[in-house]
Amino acid sequence: MSEVPGDIGAEQAGAAVRPLIRRPRLMQLVLGRPEPIVLIEAGAGMGKSVLLRQLAEHLGVAIGALPGPGGTGLIDVGRDLGGDMGAFDIPDMVTDGRARLIIVRRTGQAMAGLARAEAYGAVGRIGAGQLRLTLEDLIPDFGRRGAQQVLAETGGWPLLLGPMRLAGAALRPFLAEDVLAPMAVEDLFGWRDRLVTAPEEGEIPVPAAIAGLLGREIERELERRECRPREARAIAREEAVRGRVTDAILSFQRGGFLDEALERFEAGGGRFYLYHYGTAAFDAVLGGFPESYWRDKDTLVTSLAMQALKRGEIARARRLVADRFGARANDIDAVFSDWERYSTDFLAFRVVMLIYEDIPVSEALLEKIFGILAHFDVNQHLLRGSFYNSVLEFYIRGRRFAAAEDVASRAAAHYEAAKAPLLAFYIGVHQAIIALMTGDAKRARQHAAVARERLSRIGFDSPGDQRLLTLLDACVGYESGHAEALANFLSTELDDFVHGEIWPSLVEFVLLYGSQALSEHFSTLAARGFLDRWRVHQVSDRQFGALIELREVAVLQNANRWREASDKLAMVPSRITHSWVAAAGEQLQRLETRDDIMLSLAWLRHLVNEAPTRPWLAQQLEAMHGNLNLTGRQRLSVEIWQAFSAKRQLDLTRARAVLVKVLEQAARLDAVAPLAEERVFLAELIEHQRIGQYLEANHDARQMLRRLRDTGLPNSELGVQSGLSRRETKVLLMIAEGSSNKFIAHALGLSEATVKFHLSNVYRKLGCARRREAIIAARALGLVR
């Protein structure tokens, strides 16, 4: 801040503080215009009103009086007409040239009749650029040297002439009391916008020396005015006009205008406000409505219930619904059996809420849910999109992927029509997950790209959704055999992700990829720790509990800890047991629910490892393969087991044919990860000389094998490097799991004496003398993890 130049006296400095510099140049410009109407238009602080007062003094007329014949009238729109020119008629004697009218108005204020007068060439305009102080304007008051300095410091802004001539502590009170306090609310906002946006072409920038202080004082002035209800309402309305919906609602709330706040909230989407403006804005707005107000407002109750669901507080959401809509509203069958009692908005919300509840969705219930769709207006795009989005989740759980793709396309179309890119982004994520579940990495990559474009269109920061996109991209890469991105995500961003809001199908997706990646590229311990963290966060949800247990079983099986995996499977409460699967035939083909299928597959996998030559195993695998509810990934796994079983039964022709088909399909879909999940079986298949030679002769199979080896597929059969036979390796694995000789004999169909014989060979080949040393050697060889 510069001091007042030495050639400027106290009187001149006072004049500078009261920016009433005589501006003959500008007065001559205004009075010299030939048009009958002269419109002086600019934002606040450009000296419009000062100029008008000087014109009034020069002409000897009062501001606000209409002109007589041959006279000149002066109108200040903000002062004389309260900023509203909509009802003002320009006198005929002005438009036909018998009188003149000089009008001062702020940029953006409307005027009736002005467009018609302009069309006839009766309006001359003077804008902000011409109102800017020039060296010629300043020299009479400051001298040439002082004028040059003032011009450099103020940029020619009349409003800043006083502040820039003040130093130190005197500047702040001057801004607060003399400059900002008299300003209209709209002018305060105009200046605030000017400080935070780049100047448009021809607009004068605010000097940097004062911009920071001016901005802070404007905020203080607005805060002071918000304490006065009338001005709080004006502030809120100005925020709304400028598109700052959240700030407008908060200002209405602070001023006590809750009905107007609710009106703006509903116009912003109600419970969909979250997706238009972000979680922080949604939470702030809901927090501004007192409980005494929101308890009888349907929009606010469903919004608060949605907030609770997003936070995992399902019990709170159900309580809110029951308190407002009655206890029957928490009975999903009752709601859709008597749906006419409820609004379409509540019915759509109730379907969304069903996603988060641990309630099975039957075909009969889905039929009832679809029955209400006809009662949604065709233009209710958000409600229709929300409906299809919810049904999409149910279809994914039920492995009805064709139906899921159909409703996903419908949901995306409605969300795009509603201009809700964040919701459309979620649909893209769902579609990518469906593609990954079916083992199609190429299609998943395409959907991920669409999701990325949609997320780029939202108008607020959403780090949680950006994190979700990062995970999706990493999983798509992992599916194609590139583990680095997923490993990095699990190492650096997992904690933030786990604590965020995610929906059930996404949980399944994360459990699968996270546990597989950690098991393969870190350790079994890391994978189990990952699952334990999810077990803690999802303790109250049975559907997640089953998923976590079954993923841990897969991790243990892949670590050759088969007995431990079997013990864990036996603890899962279900009709699907070891005995049931061992005796099942066509029943395997008719399994429907996700958990029954996953549990049956886990037991089948155990049987394939335990007794691959067992009678009827081939028929059981064929029945499971024919189950139409399997995902593409699951079907591929079954095919690998079929090849493994065929190889063990010495049917090499079938083993080779099945394995080539698997590898060709994986190459077409660019899917490496599903093969890597079955490396425990693939390793033995690939290392068989005749099978390996057959695969090397097929281009697609050869390429997939190379990519598999790049991801860590062993080049030799387990135990071969130490000279162990297959049976000796199996016995070694089982003692590493803690199995007794008696248990091993029973599991492998051997006598205990034979087990001891195999163990003695293991000890001799590994250079061990006792059981514990053999287990240590097994870990060192990588046979168990």
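Scroll up to find the structure.
Residues numbered from 1 in each chain as written. Predicted model: local features only at pLDDT ≥ 70, side-chain atom pairs only at ≥ 80, totals over all residues. Heavy atoms only, no water.

Chemist: How should I be thinking about the overall build of the protein chain in this particular structure?
Modeler: A count of helices and strands for the protein chain gives 47 helices and four strands. A burial count over the protein chain gives 54% of its 785 residues as buried. When contacts within the protein chain are restricted to residue pairs at least 6 apart in sequence, those whose partners lie at least 24 apart make up 68%. Carbon and sulfur atoms make up 52% of the accessible area of the protein chain, which amounts to about 33900 Å² in all. (Helix = DSSP H or I, 4+ residues; strand = E, 2+ residues; numbered from the N terminus. Buried < 20%, exposed > 50% of the residue type's maximum accessible area, 1.4 Å probe, protein only. Contact = heavy atoms within 4.5 Å. Areas by Shrake-Rupley, 256 points an atom, 1.4 Å probe, with all protein chains shown as cover.)

Chemist: Got a minute to help me understand the packing of aromatic side chains in this structure?
Modeler: For the coordinates displayed, the defined rule picks out 18 aromatic pairs. Arranged with centres 5.2 Å apart and planes meeting at 55 degrees, the rings of Phe-509 and Tyr-513 form a pair that is tilted. Here Phe-509 and its partner Tyr-513 are both found in helix H31 (residues 504-521), four residues apart, which amounts to about one turn of the helix. Judged by its relative accessible area of 4%, Phe-509 falls in the buried class. Cluster of aromatic residues (ring-pair linked, three or more members): Phe-265, Tyr-273, Tyr-277, Phe-282, Phe-289 and Tyr-293. Looking at Arg-563, its charged tip hangs above the ring of Phe-743, at a distance of 4.1 Å from the centre. Arg-656 extends its terminal NZ or CZ atom over the ring of Tyr-694, reaching a point 4.6 Å from the ring centre. (Phe/Tyr/Trp six-rings, centres within 6.5 Å; stacked < 30°, edge-to-face > 60°. Lys NZ or Arg CZ within 6 Å of the ring centre and 35° of its normal.)

Chemist: Could you clarify how one ought to interpret helix H29 (residues 484-492) in this entry?
Modeler: Counting along an α-helix, one turn takes 3.6 residues, and residues three or four places apart therefore face a common direction. Listing the buried residues of H29 in full gives Leu-486, Ala-487, Phe-489 and Leu-490. Projection of H29 onto a plane perpendicular to its axis shows the buried side chains occupying an angular sector of 160 degrees, all on one side. Along H29, exposed side chains directed more than 90 degrees from the buried face belong to Glu-484, Ser-491 and Thr-492. (Arc of directions from axis to C-beta.)

Chemist: Is there a simple way to think about the nonpolar core in this case?
Modeler: In globular proteins that are soluble, nonpolar side chains generally tend to be buried together. Counting residues in each nonpolar core, the largest one holds 176 residues, and the members touching the most others are Phe-509 and Leu-675. Looking at this core, the element that brings in the most residues is helix H26 (residues 421-437), giving 13 residues. Contact partners of Phe-509, with chain neighbours within four places excluded, come to Ile-433, Leu-436, Leu-471, Leu-472 and Cys-475. (Core = buried A, V, L, I, M, F, W, Y, C linked by side-chain atoms within 4.5 Å.)

Chemist: Would you explain unusual backbone geometry in this entry?
Modeler: Peptide bonds are, in most cases, trans, and in most cases residues other than glycine have a negative phi. Positive phi, close to 55 degrees, is recorded for Lys-419, a residue that is not glycine. You can see Lys-419 is positioned in the loop between helix H25 (401-417) and H26. Even without glycine at this site, Trp-616 takes up a positive phi of about 75 degrees.

Chemist: Help me understand the side chain of Ser-462, please; the structure alone is not making it clear to me.
Modeler: Considering the arrangement of structural elements, one finds Ser-462 in the loop between helix H27 (441-455) and helix H28 (463-479). With a relative accessible area of 18%, Ser-462 lands in the buried category. Separated by 2.4 Å, the side chains of Ser-462 and Asp-465 make a polar contact. (Polar contact = N/O pair within 3.5 Å; in protein donor to acceptor, adjacent residues only side chain to side chain.)

Chemist: Looking at this structure, how should I read the packing of H28 against H31?
Modeler: One can describe the packing of H28 onto H31 by two numbers: an axis separation of 11 Å at closest approach and a directional angle of 55 degrees. When the interaxial angle is binned, H28 and H31 end up oblique. For H28 against H31, the interelement crossing comes out left-handed. Across from Leu-468, Leu-471, Leu-472, Cys-475, Tyr-478 and Glu-479 in H28, the residues of H31 making contact are Leu-506, Phe-509, Val-510, Tyr-513, Gln-516, Ala-517, Glu-520 and His-521. In the contact of H28 with H31, the residues fall into 10 nonpolar, two polar and two charged. (Axes fitted to C-alpha atoms, helices over the stretch in contact; angles between N-to-C directions. Parallel < 35°, antiparallel > 145°, perpendicular 65-115°, else oblique. Left-handed = near helix turned anticlockwise from the far one by under 90°. Nonpolar A, V, L, I, M, F, W, Y, C, P; charged D, E, K, R; others polar.)

Chemist: Would you explain helix H34 (residues 562-570) in this entry?
Modeler: All buried positions along H34 are accounted for by Trp-562, Ala-565, Ser-566, Lys-568 and Leu-569. Each buried residue of H34 lies within a common arc of 165 degrees when the element is viewed along its axis, so the set occupies one face.

Chemist: So what exactly am I meant to see when it comes to the environment of Ala-483 here?
Modeler: Along the polypeptide, Ala-483 turns up in the loop between H28 and H29. Judged by its relative accessible area of 13%, Ala-483 falls in the buried class. Placed 190 residues apart in sequence, Ala-483 and Ala-673 show a C-alpha to C-alpha distance of 9.3 Å. Beyond its immediate chain neighbours, meaning those up to four positions away, Ala-483 contacts Tyr-478 and His-521.

Chemist: I would appreciate a short explanation of the pattern of salt bridges in the present structure.
Modeler: Evaluation of the coordinates by the stated rule reveals 60 salt bridges. For Arg-445, the salt bridge identified is with Asp-670, shortest N-O distance 3.0 Å. Of the two residues, Arg-445 is situated in helix H27 and Asp-670 in the loop between helix H39 (652-669) and helix H40 (673-677); the sequence distance between them amounts to 225 residues. By relative accessible area, Arg-445 is classed as partly exposed at 37%. (Salt bridge = Lys/Arg side-chain N within 4 Å of Asp/Glu carboxyl O.)

Chemist: What am I meant to see in the packing of helix H24 (residues 381-397) against H25 here?
Modeler: A pair of packed helices can be characterised by two numbers: the angle between their axes and the separation between those axes. The interhelical angle for the contact between H24 and H25, taken along N-to-C directions, is 160 degrees, at an axis separation of 8 Å. Judged on the interaxial angle alone, H25 and H24 are roughly antiparallel. Two packed elements cross with a definite hand, and for H24 against H25 that hand is left-handed. Contact residues: H24 offers His-381, Leu-382, Arg-384, Gly-385, Ser-386, Tyr-388, Asn-389, Val-391, Leu-392, Tyr-395 and Ile-396, while H25 offers Phe-401, Ala-403, Ala-404, Val-407, Ala-408, Arg-410, Ala-411, His-414, Tyr-415 and Ala-417. Here the residues of the contact of H24 with H25 are counted per class, giving 14 nonpolar, five polar and two charged.

Take it as geometry only, folks, not as evidence of what the structure does.
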